[in-house]
Amino acid sequence: MRRLIAHLDMDAFYASVELLRYPELKGQPVVIGGGRRHQPVVREDGRREFARLRDYAGRGVVTTATYEARAFGVHSGMGLMKAAALAPDAILLPTDFDEYRRYSRLFKAAVAEIAPHIEDRGIDEIYIDLTEVPGAQEPAGSDPLGGVRAVAQAIKDNVRRATGLSCSIGVTPNKLLSKLCSDLEKPDGLTLLAEGDLQRRIWPLPAKRINGIGPKASAKLESFGIHTIGDLAAADPRWLVAQFGQSYGRWLHEAAHGRDDRPVVTYSEPKSLSRETTFERDLHARHDREQLGVIFTRLCEQVAADLARKGYVGKTIGVKVRYDDFRTLTRDHTLPHHTADAREIRRAAGLCLKRVPLERRLRLLGVRVGSLCKASEAPAREAQAPAAREEALPYTLPLF
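Figured I'd write up the structure that's included with this text.

## What about the pairing of strand 15 (residues 362-370)?
Walk down a regular strand and you will see the side chains alternate between the two sheet faces. The buried fraction of strand 15 is high, at 8 of 9 residues. Looking at chain direction, strand 12 (residues 272-283) and strand 15 are connected through 8 bridges and run antiparallel. Residue pairing in the sheet places Leu 283 in a bridge with Leu 362 of strand 15.

## So, the sheet that holds strand 6 (residues 64-65)
What holds strands together in a sheet is hydrogen bonding between their backbones, with the strands either parallel or antiparallel. What the 4 strands build is an open sheet, ordered 5-7-2-6; its pairing is mixed. Each end of this open sheet is capped by a strand with a single partner; those strands are strand 5 (51-52) and strand 6. Looking at chain direction, strand 2 (residues 30-34) and strand 7 (residues 91-94) are connected through 4 bridges and run parallel. What sits directly across from Ile 32, in strand 7, is Leu 93.

## Observations concerning the side chain of His 337
With respect to the helices and strands, the residue His 337 is situated in strand 14 (residues 328-339). Using a relative accessible area of 19% as the deciding quantity, one classes His 337 as buried. Reaching out from His 337, the side chain makes a polar contact with the side chain of Glu 344 at a distance of 2.5 Å.

## Details of the packing of aromatic side chains
Tallied over the full model, the rule gives 9 aromatic pairs. Taking 4.3 Å as the distance between ring centres and 10° as the angle between the ring planes, the aromatic pair formed by Tyr 14 and Tyr 100 counts as stacked. Of the two residues, Tyr 14 is situated in helix 1 (residues 13-21) and Tyr 100 in helix 4 (residues 97-112); the sequence distance between them amounts to 86 residues. Its relative accessible area of 0% is what places Tyr 100 among the buried residues. Through a chain of ring-to-ring contacts, three or more aromatic side chains come together here, namely Phe 13, Tyr 14, Phe 97, Tyr 100 and Phe 107. Of note, Lys 175 hangs over the ring of Tyr 127, and the distance from its end group to the ring centre comes to 5.1 Å. The positively charged end of Lys 374 is found above the aromatic ring belonging to Tyr 312, 4.4 Å away from the centroid.

## A word on the nonpolar core
Membership of the largest hydrophobic core comes to 40 residues, with the highest contact counts inside it found for Leu 8, Val 111, Ile 128, Leu 130, Ile 155, Val 159 and Ile 169. Setting aside chain neighbours within four positions, we find Ile 128 in contact with Leu 4, Ile 5, Ala 6, Leu 8, Val 111, Ala 115, His 117, Ile 118, Ile 155 and Val 264.

## Brief notes about helix 10 (residues 237-244)
Where helix 10 begins, the capping side chain belongs to Asp 236, and its oxygen is found 2.8 Å from the backbone nitrogen of Arg 238. Phi for Gly 245, located one or two positions after helix 10, is positive at around 95°.

## A word on helix 5 (residues 146-163)
Taking 1.5 Å of rise per residue, the 18 residues of helix 5 would be expected to cover 26 Å, and the 26 Å separating its terminal C-alpha atoms lies within 8% of that figure. Taken together, the buried positions of helix 5 are occupied by Gly 146, Gly 147, Val 148, Val 151, Ala 152, Ile 155, Lys 156, Asn 158, Val 159 and Thr 163. Tucked inside the fold, the buried residues of helix 5 contact strand 1 (5-10), helix 1, helix 4, strand 9 (125-129), strand 10 (167-172) and strand 11 (190-192). Positioned one or two residues after helix 5, Gly 164 has a phi angle of 80°, which is positive.

What counts, and at which threshold
- Residues numbered from 1 in each chain as written.
- Predicted model: local features only at pLDDT ≥ 70, side-chain atom pairs only at ≥ 80, totals over all residues.
- Heavy atoms only, no water.
- Buried < 20%, exposed > 50% of the residue type's maximum accessible area, 1.4 Å probe, protein only.
- Helix = DSSP H or I, 4+ residues; strand = E, 2+ residues; numbered from the N terminus.
- Pairing = 2+ DSSP bridges.
- Polar contact = N/O pair within 3.5 Å; in protein donor to acceptor, adjacent residues only side chain to side chain.
- Phe/Tyr/Trp six-rings, centres within 6.5 Å; stacked < 30°, edge-to-face > 60°.
- Lys NZ or Arg CZ within 6 Å of the ring centre and 35° of its normal.
- Core = buried A, V, L, I, M, F, W, Y, C linked by side-chain atoms within 4.5 Å.
- Contact = heavy atoms within 4.5 Å.
- Expected span 1.5 Å × (residues − 1).

Now the structure itself:
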């Protein structure tokens, strides 16, 4: 039985979700990454007025962009000011991670209806083991991959029916090649790697396209004249070990030849859940106390809601701050029991903040809950739901 592994990647996921909300923007360059102040404004005639990238001022970064915006050179992780120089007329929209998570759950459920053996790799991508899906091993006429092609197309169709969104799928014998192939025919692509296609379709690609070859390794390979995956495949494996070390050098050789025996891991327990936010402007603990308090409380409430939705409780509460000079600092506090209660999480996170120097302005604040276990597996006294409280959480930071 041939091993059939698929990698599914949603197309420009965040931007595509926003286009469902604002269909009039379809076909236009749209950048996601703004803040609440970049919400569209409804005019008197009922039409929406959108923020333009040219009017942006700040230090935010691009979360994602439509393919029309990418044609101008805009990409994820780029500073919004730089993106504005490349595509000043692009529409700028705020991020809405709650909505993206909702669509993430929808598309994964749609896939599971056809192929339940799924490895979750993030909000917009998964691996799928199609090896034993009914019909996947069958040829269709002269096409030896006709059966799995039909299964992959059925998955794409089901995702579109459930979400209105398109995805791209690569199907090969392993995870490494499938991730490469899912990117070859974007958007709305379906790529299958037949026997003998490695040299023709994979080896001409840049070596840095292999997941696991980062910027430093890519630059080092290029300094040796190794630019493509084919160049890497032709390199002496002993030379690779000498240059990159035993483990990584051997892996480079195996990856270039398309060999990867990693299984599709269908389940793994999360180690922690967290929420964080980057401010549109640097905030000071004293001068912006009230605003920070609102943000801090909202983060605690959000992570508590995440715990409840996923059925977990945790006992190690942590905070993360990033200063205006980009230094990052974390502090943790371990409770004597597990909890998913927002008030208790906030109280423990406040204790962590007391151990954080707050003289400098802050650009990021985050809250994390670790040492997780299933709520049903926590000791009985810990698993009890907290008593209902009518009062809202206090919107102040107790140490300021």
